[in-house]
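# Structural features, examined
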Amino acid sequence: MVRAEGAEMDEYLAELHRSAAVLLSRTIALVSAADLERPTPCAGWDVSALLAHQSGQERGFLMAAVGGGAPLTAWRPLEVAPDRLIAAIHTTDRALRSPTVVARLWVPEISRSRLPWETAVTAHVLDLVVHGWDLAVALGSVLAVPDPLVALVLEVASAIPDDESRGTMFAPALPAAEGDDFSRALRLLGRDPAWVPQPAAR
C-alpha cells in the first residue's frame, strides 16, 4: 500500500524532510578525525557515538521505508565514515519521499504498531534536526534551522509526554525559560540551549 491521501500535506512534509536531511548532512561534512572524541549534549556520547547512532537510524528508517519495517536490531549504532553517513541520509530521504514508500512503517524504537507515513517521517525530521544541533554545538558551530523546521520540531517536542511514558529516547524536559522557539523545543527535549563543551579535566 502506498501513500494516496493528503497529497498536498505529504508534499510539504516531504520537503521538510529533505531540508532536515540537507541540514544534518552539511554539519556532518564539517567533522574531521580530530573531532570524533569531542563531547556532545547527549550524555555519554562523543561525536563518534552520535554519528554511529545516526547511522543506525538511517539503516532502520531505510528498511522501514522500502519494506515497511525492520527488526529492532537494525536500529543499533553503526560505525561508518562521515561521508558514508551523509550518503545514507540522502538515500533514506529519497526512499521516504518516494511515491512507492509504504503507507505505514514499523519503527520499533517508537511504537509496537506500524505508524502512518506522516508520523514516521515527522519523527525522522525531529531526529535529523535535533542531532544536527547536537553535532553543531559539539563542533563549536551554529546550526541555522529554517523556520518551518523549527515550527515542526517545537510542535512535536510539545506533544512528547514528560512522564514515565516518555521512555529513554529523550532526557526529562528542562524547566521553561525565555528564548526563541527552537530553544524552547530543545528544553522540552531535555537539552540546554546554552550547552558548550567543557574543558577536559587535567
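Residues numbered from 1 in each chain as written. Predicted model: local features only at pLDDT ≥ 70, side-chain atom pairs only at ≥ 80, totals over all residues. Heavy atoms only, no water.

Helical geometry note: an α-helix holds 3.6 residues per turn, so side chains three or four residues apart project in the same direction. Those residues of helix α6 (residues 181-188) that fall on the buried side of the exposure criterion are Phe 182, Ser 183, Ala 185, Leu 186 and Arg 187. Taken together, the buried residues of α6 touch α4 (117-138) and α5 (147-159). Positive phi appears at Gly 190, one or two residues downstream of α6, with a value of about 80 degrees. (Buried < 20%, exposed > 50% of the residue type's maximum accessible area, 1.4 Å probe, protein only. Helix = DSSP H or I, 4+ residues; strand = E, 2+ residues; numbered from the N terminus. Contact = heavy atoms within 4.5 Å.)

Think of two packed helices as two axes; the pair is described by the angle between the axes and how far apart they sit. Two elements in contact, helix α3 (residues 82-97) and α4, have axes whose closest approach is 12 Å; the angle formed by their N-to-C orientations is 155 degrees. Our classification of the angle between α3 and α4 gives roughly antiparallel. In the crossing of α3 with α4, the sense of the turn from one axis to the other is left-handed. On α4, the residues that touch Ile 89, Thr 92 and Leu 96 of α3 are Trp 117, Val 121, His 124 and Leu 128. (Axes fitted to C-alpha atoms, helices over the stretch in contact; angles between N-to-C directions. Parallel < 35°, antiparallel > 145°, perpendicular 65-115°, else oblique. Left-handed = near helix turned anticlockwise from the far one by under 90°.)

With that out of the way, let us pick up the pattern of salt bridges. Tallying each qualifying case throughout the model produces 5 salt bridges. Across the pair Arg 184 and Asp 181 runs a salt bridge, and its minimum N-O distance is 3.1 Å. On the criterion of helical spacing, the pair formed by Arg 184 and Asp 181 is a turn pair, its members being 3 residues apart in helix α6. Accessibility expressed as a relative area gives 40% for Arg 184, which makes it partly exposed. Note on Asp 181: relative accessible area 39%, which makes it partly exposed. (Salt bridge = Lys/Arg side-chain N within 4 Å of Asp/Glu carboxyl O.)

What follows concerns the nonpolar core. Proteins that are soluble and globular tend to have nonpolar side chains buried together. Counting 58 residues, the largest nonpolar core has Leu 105 and Leu 135 as its most contacted members. At the level of secondary structure, the elements contributing two or more residues to this core comprise α1 (7-28), α2 (47-67), α3, α4, α5 and α6. A total of 13 residues in this core trace back to one element, the largest contributor, which is α4. (Core = buried A, V, L, I, M, F, W, Y, C linked by side-chain atoms within 4.5 Å.)

This part covers α2. Between its first and last C-alpha, α2 extends 30 Å over 21 residues, near the 30 Å set by a 1.5 Å rise per residue. One side-chain oxygen of the residue at the start of α2 lies 3.2 Å from the amide nitrogen of Ser 48, identifying that residue as Asp 46. (Expected span 1.5 Å × (residues − 1). Polar contact = N/O pair within 3.5 Å; in protein donor to acceptor, adjacent residues only side chain to side chain.)

Looking at where Gly 44 falls in the secondary structure, it is placed in the loop between α1 and α2. Sequence separation of Gly 44 and Trp 195 is 151 residues, and the distance between their C-alpha atoms is 14 Å.

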